[in-house]
Amino acid sequence: MPVGNILMTSPATAERSSDSKLGSFSREGIAVVFGSGGGIGSALVSSLLAERHFKGVIGLSRTSAIPIDLLDEASLERAVEVAAASGEIRLAIDGTGFLSNTDQRPEKSWRELDPQRLARAFAINATGPALLMKHLLPRLPRSGKSVFATLSARVGSIGDNRLGGWYAYRASKAALNQIVHTAAIELARRAPDALCISVHPGTVATPLSASFAKPGPNVVAPDQAAQNLLTVLNRLGAANSGGFFDWQGAEIPW
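Treat the numbers as computed from the prediction; the structure is a model and nothing was measured.

A. Focus on the packing of helix H1 (residues 39-51) against helix H5 (residues 222-235). Contact geometry of H1 with H5 gives a least axis separation of 8 Å together with a crossing angle of 65 degrees. Here the hand of the crossing between H1 and H5 comes out right-handed. Touching Gly-39, Ile-40, Ala-43, Leu-44, Ser-47, Leu-48 and Glu-51 of H1 are Pro-222, Asp-223, Ala-226, Gln-227, Leu-229 and Leu-230, all from H5.

Structure below.
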């Protein structure tokens, strides 16, 4: 049954797929996508519904019936409460992120550094997801595979940084990766089968990357990116918790 923007599927209302690509997850759990209004987030919800593996799929965004705002911790706490009340959370994906808008573009030089713009990037790309983890990770089941995955970016890798620039975005995603790695250590003490990871979806044809990605074979459509990510999340196990992986499942240097 629908609860706001919660899209529920069950044996009583839809035939469950017997050939799921998400076989490492319990079929009795639910999946939650935060940031479902974005290009990748929306595609993830569609892909999860098409898989018909989980008994429930929840999409949450700034415009959903139960709205979330990364700058409002209370909204994140409420959304997690509603999701947890709908079923056992087995997969949660944070598809939020901020790169630029009309007032803020990626810096090409240190001359463009601005404290307010840096603070905005960190608030959305690091602090917001950290507060989401604060409320969501304690809700993951204590046993059996469960995953919290947040969309990071390869440019957040310090070891892979060869071009410079993009200070705020790089640094805020690097901070996110550290938060993920630290939270994974704590999570393992409570739920040893659970994963807390960062994932890089590749260059995806979404509004976020439209001004910076040159058309070509390395730019994928959101639905393909969603399929790639779900394939990786299905393959990873508890030993991979705290890691940073690309859309092919390869580890990215910190």
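B. Quick peek at the side chain of Asn-234. By secondary structure assignment, the location of Asn-234 is in helix H5. Setting aside chain neighbours within four positions, we find Asn-234 in contact with Lys-21, Leu-22, Gly-23, Ser-24, Phe-25 and Lys-145.

C. Local environment of unusual backbone geometry. Of note in this structure, Arg-52 is not a glycine but carries a positive phi near 55 degrees. You can see Arg-52 is positioned in the loop between H1 and strand S3 (56-60).

D. Region of the structure containing H5. With 14 residues, H5 extends 20 Å between its outermost C-alpha atoms, agreeing within 8% with the 20 Å of an ideal straight helix rising 1.5 Å per residue. The complete set of buried residues in H5 reads Ala-225, Ala-226, Asn-228, Leu-229, Leu-230, Val-232, Leu-233 and Asn-234.

E. The packing of aromatic side chains, seen in detail. Taken as a whole, this structure holds 3 aromatic pairs when the rule is applied. Plain terms: the ring middles of Trp-166 and Tyr-169 are 6.1 Å apart, the flat faces sit at 70 degrees to each other, and that makes the pair edge-to-face. Across the ring face of Phe-25, the terminal group of Lys-145 is positioned such that the distance to the ring centre comes to 4.5 Å.

F. Geometry of the pattern of salt bridges. Under the definition given, this model contains 4 salt bridges. For Glu-88, the salt bridge identified is with Arg-90, shortest N-O distance 2.9 Å. A salt bridge links Asp-246 to Arg-154; its shortest N-O distance comes to 3.2 Å. Residue Asp-246 is located in strand S9 (residues 244-246), and its partner Arg-154 is located in the loop between strand S5 (146-151) and helix H4 (167-190); the two are separated by 92 residues in the primary sequence. Overall, Asp-246 belongs to the buried group, its relative accessible area being 5%.

G. View of H4. With 24 residues, H4 extends 35 Å from end C-alpha to end C-alpha; this agrees with the ideal 34 Å at 1.5 Å per step. Within the sequence span of H4, burial applies to Ala-168, Tyr-169, Arg-170, Ser-172, Lys-173, Leu-176, Asn-177, Val-180, Ala-183, Ala-184 and Leu-187.

H. Main features of a nonpolar patch on the surface. A cluster of nonpolar side chains, namely Trp-110, Leu-113 and Tyr-167, defines an oily patch on the protein surface of about 330 Å² accessible area. In this structure, Leu-113 sits in the loop between strand S4 (89-94) and helix H3 (115-136). Classification of Leu-113 as partly exposed rests on a relative accessible area of 36%.

I. Just the confidence of the model for the chain, in detail. Confidence along the chain averages 91 in pLDDT terms, with 88% of residues attaining 70 or more. A low-confidence stretch, residues 8-13 stays under pLDDT 50, and its non-local contacts, those more than four residues away or across chains, total 13 contacts.

J. Broad picture of the side chain of Thr-96. Relative to the helices and strands, Thr-96 resides in the loop between S4 and H3. Engagement of the side chain of Thr-96 in a polar contact is seen with the side chain of Asp-94, the distance being 2.6 Å. Excluding anything up to four places from it in sequence, Thr-96 contacts Phe-34, Gly-35, Leu-70, Pro-129, Leu-151 and Lys-173.

K. Quick peek at the packing of helix H2 (residues 73-86) against H3. Two numbers describe how H2 lies on H3: the axes approach to 9 Å, and their chain directions differ by 40 degrees. In this structure, H2 crosses over H3, and the sense of that crossing is right-handed. Between H2, through Glu-73, Leu-76, Glu-77 and Val-80, and H3, the contact on the second element is made entirely by Gly-128, Leu-131, Leu-132, Lys-134, His-135 and Leu-136. Across the contact of H2 with H3, the residue classes tally to 5 nonpolar, 2 polar and 3 charged.

Criteria and cut-off values
Residues numbered from 1 in each chain as written. Predicted model: local features only at pLDDT ≥ 70, side-chain atom pairs only at ≥ 80, totals over all residues. Heavy atoms only, no water. Axes fitted to C-alpha atoms, helices over the stretch in contact; angles between N-to-C directions. Helix = DSSP H or I, 4+ residues; strand = E, 2+ residues; numbered from the N terminus. Left-handed = near helix turned anticlockwise from the far one by under 90°. Contact = heavy atoms within 4.5 Å. Expected span 1.5 Å × (residues − 1). Buried < 20%, exposed > 50% of the residue type's maximum accessible area, 1.4 Å probe, protein only. Phe/Tyr/Trp six-rings, centres within 6.5 Å; stacked < 30°, edge-to-face > 60°. Lys NZ or Arg CZ within 6 Å of the ring centre and 35° of its normal. Salt bridge = Lys/Arg side-chain N within 4 Å of Asp/Glu carboxyl O. Patch = residues over 30% accessible without salt bridge, like charges linked within 9 Å, V, L, I, M, F, W, Y side chains within 5 Å. Areas by Shrake-Rupley, 256 points an atom, 1.4 Å probe, with all protein chains shown as cover. pLDDT = per-residue confidence, 0-100. Polar contact = N/O pair within 3.5 Å; in protein donor to acceptor, adjacent residues only side chain to side chain. Nonpolar A, V, L, I, M, F, W, Y, C, P; charged D, E, K, R; others polar.

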